[in-house]
Amino acid sequence: WRIFVVTPNRSLFSEIQPLLSHQVPNAQVVEVTELPSKGKLGVLGEFAAGTLCFLDVLSKPTEAMETLQALVAEVPKMATVAIVPDRDPQRILQALRVGAREFLTHPFSEDQLGAVLEKLSQFTPDLAAERGRIFTIVPAKGACGASTIAYNLAAGMKRAGSKDTLLADLDPHA
């Protein structure tokens, strides 16, 4: 993933950056210190697939809502999360109506951020692909072919173009 954090507030970036790095270890986290104007949103849009944008709606609410609206219109494939004040349902609703896919309330918690990332990965195929999938084959009894099915599933996924495939047979009798 590539994650943009758009905030004029450096302390806000300092709070969210370690949480993002812990939740999505291989992601590139980029700080954008100014709200991009309408004509400059294309810079963020170049990386739309697999890109996530956290937009600070705390510091400059009116300008941020305008930026959010323009961002959603110009780069619809990018998942945008509005950072809103805690206990402000009006601002949360406004951000969602303008086009944010999700919201994160300040102050942040790692659990809250994890839940937001999980929701986004379910509804945004470009983000879900980066996280991978786990398939489990559970036999009803011994010697019923579960290891053979697991092997063929892994081989088929690799042939179909899966980037990385791992097969772990945890049957102690196999």
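I will try to describe carefully the structure that is included in this document.

Definitions and cut-offs
Residues numbered from 1 in each chain as written. Predicted model: local features only at pLDDT ≥ 70, side-chain atom pairs only at ≥ 80, totals over all residues. Heavy atoms only, no water. Pairing = 2+ DSSP bridges. Helix = DSSP H or I, 4+ residues; strand = E, 2+ residues; numbered from the N terminus. Right-handed = clockwise from strand over helix to strand, strands pointing away. Salt bridge = Lys/Arg side-chain N within 4 Å of Asp/Glu carboxyl O. Buried < 20%, exposed > 50% of the residue type's maximum accessible area, 1.4 Å probe, protein only. Axes fitted to C-alpha atoms, helices over the stretch in contact; angles between N-to-C directions. Contact = heavy atoms within 4.5 Å. Expected span 1.5 Å × (residues − 1). Bend = angle between axes of the 7 residues up to and from the residue. Parallel < 35°, antiparallel > 145°, perpendicular 65-115°, else oblique. Nonpolar A, V, L, I, M, F, W, Y, C, P; charged D, E, K, R; others polar.

### Observations concerning the pairing of strand 2 (residues 28–32)
Alignment of strand 1 (residues 2–6) against strand 2, held across five bridges, turns out to be parallel. When the bridges of strand 2 are listed, I3 appears paired with V29. One crossover worth recording links strand 1 to the parallel strand 2 by way of helix 1 (residues 10–23), and it is right-handed.

### Details of the pattern of salt bridges
Throughout the structure, instances matching the rule amount to four salt bridges. For E31, the salt bridge goes to R10, with nearest N and O atoms at 3.5 Å. Here the residue E31 occupies a position in strand 2, and R10 occupies one in helix 1, the gap between them amounting to 21 residues. The exposure class of E31 is partly exposed, given its relative accessible area of 25%.

### Some points on the sheet that holds strand 2
Overall, parallel pairing links the five strands, which are arranged 2-1-3-4-5 in an open sheet. Either end of the sheet is taken by a strand with one partner, and the two such strands are strand 2 and strand 5 (102–106). Strand-to-strand twist in this sheet, taken as the mean axis angle between neighbours without regard to direction, amounts to 20 degrees. Pairing of strand 4 (residues 79–85) with strand 5 involves five bridges; the strand directions are parallel. In the strand pairing of strand 5, P85 is matched with H106. Contacts between helix 1 and the sheet are confined to strand 1, strand 2, strand 3 (51–56), strand 4 and strand 5, with strand 2 contributing the most and set at about 170 degrees to the helix. Its contacts with the sheet put helix 5 (residues 110–123) on strand 3, strand 4 and strand 5, and the angle it makes with strand 5 is roughly 175 degrees.

### Considering the environment of E31
Separated by 24 residues in sequence, E31 and T7 have C-alpha atoms that sit 7.5 Å apart. Ignoring any residue separated from it by four or fewer positions in sequence, one finds E31 in contact with V5, R10 and F13.

### Some thoughts on helix 1
Each α-helix winds once per 3.6 residues, and so residues spaced three or four apart point in a common direction. Between its first and last C-alpha, helix 1 extends 20 Å over 14 residues, near the 20 Å set by a 1.5 Å rise per residue. At I16, helix 1 is bent by approximately 25 degrees, the largest bend along its length, and proline P18 sits one to four residues beyond. All buried positions along helix 1 are accounted for by L12, F13, I16, L19 and L20. Those residues of helix 1 that are buried are in contact with strand 1, strand 2, strand 3, strand 4, strand 5 and helix 5.

### Thoughts on unusual backbone geometry
Note: most peptide bonds trans; most residues except glycine with negative phi. A cis amide bond, omega 5 degrees, links H106 with the succeeding residue P107. Along the chain, P107 turns up in the loop between strand 5 and helix 5. In the Ramachandran plot, R87 falls in the positive-phi region, its phi being about 60 degrees despite a non-glycine side chain. With respect to the secondary-structure elements, R87 resides in the loop between strand 4 and helix 4 (89–98). On the accessibility criterion, R87 (73% relative accessible area) is exposed.

### Considering the packing of helix 3 (residues 61–74) against helix 4
Orientation of helix 3 relative to helix 4, taken along the N-to-C sense of each, is 25 degrees, at an axis distance of 9 Å. With respect to their mutual orientation, helix 3 and helix 4 come out roughly parallel. Between helix 3 and helix 4, the residues in contact are P61, M65, L68, Q69 and V72 and R91, Q94, A95 and V98, respectively. When grouped by side-chain class, the residues that make up the contact of helix 3 with helix 4 number six nonpolar, two polar and one charged.

### Re the environment of C53
Following the sequence through the fold, C53 ends up in strand 3. Judged by relative accessible area, C53 falls into the buried class, the value being 0%. Along the backbone, C53 and T80 are 27 residues apart, and their C-alpha atoms lie at a distance of 4.7 Å. Beyond its immediate chain neighbours, meaning those up to four positions away, C53 contacts F4, V6, L71, M78, A79, T80 and V81.

Shape descriptors only; they carry no functional weight alone.
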